[in-house]
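Inside the fold
Each chain, written out:
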Amino acid sequence: MAPHVSAAEEAFERRKSGIGIRMTLIYSVIYAGFVVLSVFRPSWMGGRALLGLNLAIAYGLGLILVAIIFALVYNQLCRVPSSGSPRAAQSATGPDTGKQGG
Amino acid sequence: MAIAVFVIFVLLVLAVSTHAGRRARSVGGYFVANSSIHWGVNGVAFAGGYLSVASFLGIAGLIAFFGYDGFLYSIGFLAGWIVALFVIAEPMKRMGTFTFPDALNRNFSHPGIQLAAGLSVLVVSLFYLVPQMVGAGVLVEPLLGIPHFWGVIIVGSVVIVLVAGGGMTSTTYVQFFNGGLLLVFATVLTVAVLARGISPADRLVEEGAGGPESYRYQEVAVELDGNDVRADLPGARTVGRHAIVDSNTGAESVVFYRVSRLLPASADGDGGYTAEIKGRTPYFETGTAEQRGWEIEQIDGESFVRIEDWWRLMPSAGGADRLLETQYRAVQPDGSVLVNGAPAGAANRLRQMGGVSQIPEEYGEATGPVGPLRLLSVLSDRSTVVQRPKTAVFSTEAGERVTIHYQEPTEGAEFMRPGLMFPLEAREGEPAVTTLLNRLNFISLMLALFLGTSALPHILIRYYTVPSAAAARKSTIVAIAGIGLFYVLTMYLGVGALTGGALNPETSNMSAPLLARSFGEVLFAVISGIAFTTVLATVSGLIMAASGAVAHDLMGNILRREFSDKAKVLSGRLVAVVVGVVGIVLGISFRGMNVSFMVGWAFAVAASANLPALLFMLFWKKTTAQGIIASILVGIVSAVGLILLSPDMWARYGLDPAGAPMPINQPGIVSIPLSLIVLVAVSLATAGKGEKSEAPAAIP
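Every residue gets a number counted from 1 within its own chain, in the order that chain's sequence is written. To label them, take the chains in the order written and letter them from A, then take the ligands in the order written and number them from 1. Local features are withheld for residues below a pLDDT of 70 in this predicted model, meaning they are given only at 70 or higher, and side-chain atom pairs are given and counted only at 80 or more; totals for whole chains, interfaces and linings count all residues. Hydrogen atoms and water are omitted, and side-chain values are computed over all heavy atoms in the structure.

**Description of the interface of chain A and chain B**
We call two residues in contact when some of their heavy atoms are within 4.5 Å. The partner chain B presents 55 residues to the 52 residues of chain A that form the contact. As a working definition, buried area equals the accessible area (1.4 Å probe) given up by two parts on being put together, with both sides summed. Interface area, chain A with chain B, both sides summed: about 4600 Å², of which 68% is carbon and sulfur. Think of a salt bridge as a Lys or Arg side-chain nitrogen and an Asp or Glu carboxyl oxygen that are within 4 Å of each other. Taken together, the links from chain A to chain B amount to one salt bridge. Between Lys 16 of chain A and Glu 90 of chain B there is a salt bridge whose closest N-O contact spans 2.6 Å. What qualifies as a polar contact is a pair of N or O atoms within 3.5 Å, subject to a donor-acceptor requirement within protein and to the restriction that residues adjacent in sequence count only when both atoms come from side chains. Summed over the shared surface of chain A and chain B, the result is ten residue pairs in polar contact (both at pLDDT 80 or more). Numbered from the N terminus, helices here are DSSP runs of H or I no shorter than four residues, and strands are runs of E no shorter than two. Contributions of two or more residues to the side of chain A that touches chain B are made by helix H1 (7-40), helix H2 (42-45), strand S2 (53-54) and helix H3 (55-77) of chain A. By residue number, the principal contributor to the side of chain A that touches chain B is H1 of chain A, which donates 17 residues. Each residue is assigned to one class: nonpolar for Ala, Val, Leu, Ile, Met, Phe, Trp, Tyr, Cys and Pro, charged for Asp, Glu, Lys and Arg, and polar for all the others, Gly among them. Partitioning the side of chain A that touches chain B into residue classes produces 29 nonpolar, 17 polar and six charged.

**Some words on the pattern of salt bridges**
A full pass over the atoms with the stated rule returns 15 salt bridges over all chains. Two residues, Glu 219 of chain B and Arg 322 of chain B, come together in a salt bridge whose shortest N-O distance is 2.8 Å. Separated by 103 residues along the polypeptide, Glu 219 of chain B in strand S1 (residues 219-225) and Arg 322 of chain B in strand S9 (residues 322-325) bring together distant segments of the chain. Residue Arg 322 of chain B is classed as partly exposed on the basis of its relative accessible area, which comes to 31%. Notably, a salt bridge pairs Glu 408 of chain B with Arg 312 of chain B, separated by 3.3 Å at the nearest N-O pair. Of the two residues, Glu 408 of chain B sits in strand S15 (residues 401-411) while Arg 312 of chain B sits in strand S8 (residues 302-314), which places them 96 residues apart along the sequence. Owing to a relative accessible area of 17%, Glu 408 of chain B belongs among the buried residues under this scheme. Each of Lys 16 of chain A together with Glu 90 and Arg 473 of chain B takes part in one network of salt bridges that share partners. In this scheme, a residue with accessible area under 20% of its type's maximum is buried, one over 50% is exposed, and one in between is partly exposed, where area comes from a 1.4 Å probe on protein chains only.

**What to know about the packing of aromatic side chains**
Between 30 and 60 degrees the pair is tilted, below 30 it is stacked and above 60 it is edge-to-face, where a pair is any two Phe, Tyr or Trp rings, Trp via its six-membered ring, whose centres lie within 6.5 Å. In the structure shown here, the tally under the stated rule is 26 aromatic pairs over all chains. Aromatic pair Tyr 50 of chain B and Phe 77 of chain B: ring centres 6.4 Å apart, planes at 85 degrees, arrangement edge-to-face. In this pair, Tyr 50 of chain B sits in helix H3 (residues 39-50) while Phe 77 of chain B sits in helix H5 (residues 68-95), placing the two residues 27 residues apart along the sequence. For the pair shown, Tyr 50 of chain B and Phe 77 of chain B are each scored as buried. Look at Tyr 68 of chain B and Phe 71 of chain B: their rings are 5.8 Å apart centre to centre, the planes differ by 65 degrees, and that puts the pair in the edge-to-face class. Separated by three residues within a single helix, Tyr 68 of chain B and Phe 71 of chain B lie in helix H5, roughly one turn from each other. Neither residue differs from the other here; Tyr 68 of chain B and Phe 71 of chain B are each classed as buried. Stacked on the ring of Trp 44 of chain A, the Lys or Arg Arg 41 of chain A has its end atom at 5.6 Å from the ring centre. In this scheme, the term charge over a ring applies when either NZ of a lysine or CZ of an arginine sits within 6 Å of the ring centre and within 35 degrees of the ring normal.

See the structure below:
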């Protein structure tokens, strides 16, 4: 059975979950765009895009870069608010800013 | 030196294992390192475990041989971490204790889930294990000069000691060590590639900058006379011809001629002769034709040996046709082997291939040091021409099995966009159904890579080695940053190996270490050592996952009794030994396949068996235990079944790939939706009849 969680903690977790799903969907669309272009318009991928790179390289490197940026943004959005944060949230999800054990 | 680095790495790994073994006596200590690993260490360990030989050796090799298509694996492998971070990481940590089946079963307490998920972990681990072991053999063969199967056995044995002795703690620190080394030395190699810039291959060979195994391939003038050629080579005459026929148009796309010619030979005082061919000096034993000896001709007091080798015809519209030198290996009907027309052996091996034959005029003879974007820009230019190694295999009428390695001039613009490995554009005369299948194969692979990462067992177990859900999230972010950086670097490792002419034509997997060798033996030894720890890191994670699945999820449920902690740890160690041995056997059997390609299959099995169950358990209230069990089992059976019926496996069985029941190699596009549909259908059919999720379990 799930452990007891406070309403504030539950709301916080729901918010995080919602952000995660939305960011996954956005990234999925960008990724799907890449796959669709590669499959149906491969000649476009050879055309110049930016910084002297062709579209294939620019889009591919962009997908990697966007993943890293999304990860950092998500971490920032998931930090436990400094005020009004329930202690229970800290104990259930682990301290977000402090040092971990080990 | 390479051997010394190899031995040092083995001793370090064994020392870590011995030390960690002291902390691995309890169940928590053995299976999840007491959940006490710092998120930063765990993040780098994530990277070290995930960046397998498929990433390090496989992708670099695919990029070197097929250009941009190899990089597609990098993109897919990294993109999958988005699902892992945003959807899977924190719920997995909150809901599980030791293994991912724990989390899956959290709201159901159904032994069937634990059984099915445990089985899935075992199957996926084995699928992932095979390419790692193949990579181990590929690596150790040139590094230690021992046969492939000994390489697999040595690596497998070290991993067994590591995992059975030190459990998750030693696995974590070996992965951490590996992740750090990979990032640092991939950066070092990339900087070296950028500093060298792009020079035409001939210039690299002349300056000795292509490494000890590089070679300047000759081209000679030739006169065509029907199917005969008169090559400008001493004593040359045509003795054979082979053409590669385009299956769509029926036209001859590549033509090879077998040319008999004379090579100056020197008596070695032992009754035999040596002659120089491609910078090698093979030994020719003399004798009559019946004795299969080599005939020596005397011309003007000089000795010559007559050899036969294969050349590629390069027709020219202007009439200046040429023959380009190739390399070949031929197995004679009596089992003896010739390399480039002379007896094979330590003194006569294949040379490295690859290189650039033309760069944009504005750069003159060579680019000199370039920045990271400029390098890619030059390579993708229309006026750049790269020389890609390709292979043609056929049998002659005399029963000789010939493998020709030749260089294919390829425009940079074509090399640096999708299409060389995955032919996505409709080609002249190609049936529409073939184009459609090629496209489906590609979509299927990219789908499996995106959805498979977060469902890999050796990734899922790492969520339990940290103390909290927040630590699981943060370590995933560290992993994404490290892995993302590494995958950007793979592009430079791959193109650097090609532009440096550092490719072994027989295996794409050696491209990164050979690139390192082109910069010196020290870097080669270090990179080879790191590649070895890469195998150890990934394989130990996989064996650890399999060990946990059997000891924690399968054993108790199958035998229907509770085991003591001591018994679980003991059985975990025993399973590690058994899975390690199975991995060794499979690694030897699958020699010769590209490791990244095989890893694509493991992703498909993981995505089909585990991901629908994980996602629906987290986000769909109506999910039932029966739905999860059915989805996992259908996912495993359909993905594995479709792989076994695929064209590539058909070729492996010695059958015609065109006759394979499954027309594409990648199963994900069928098995993932099938697993998902089964989950929904069975859940709806069993709703209210048995256990079901109490709530969307993302928030337990």
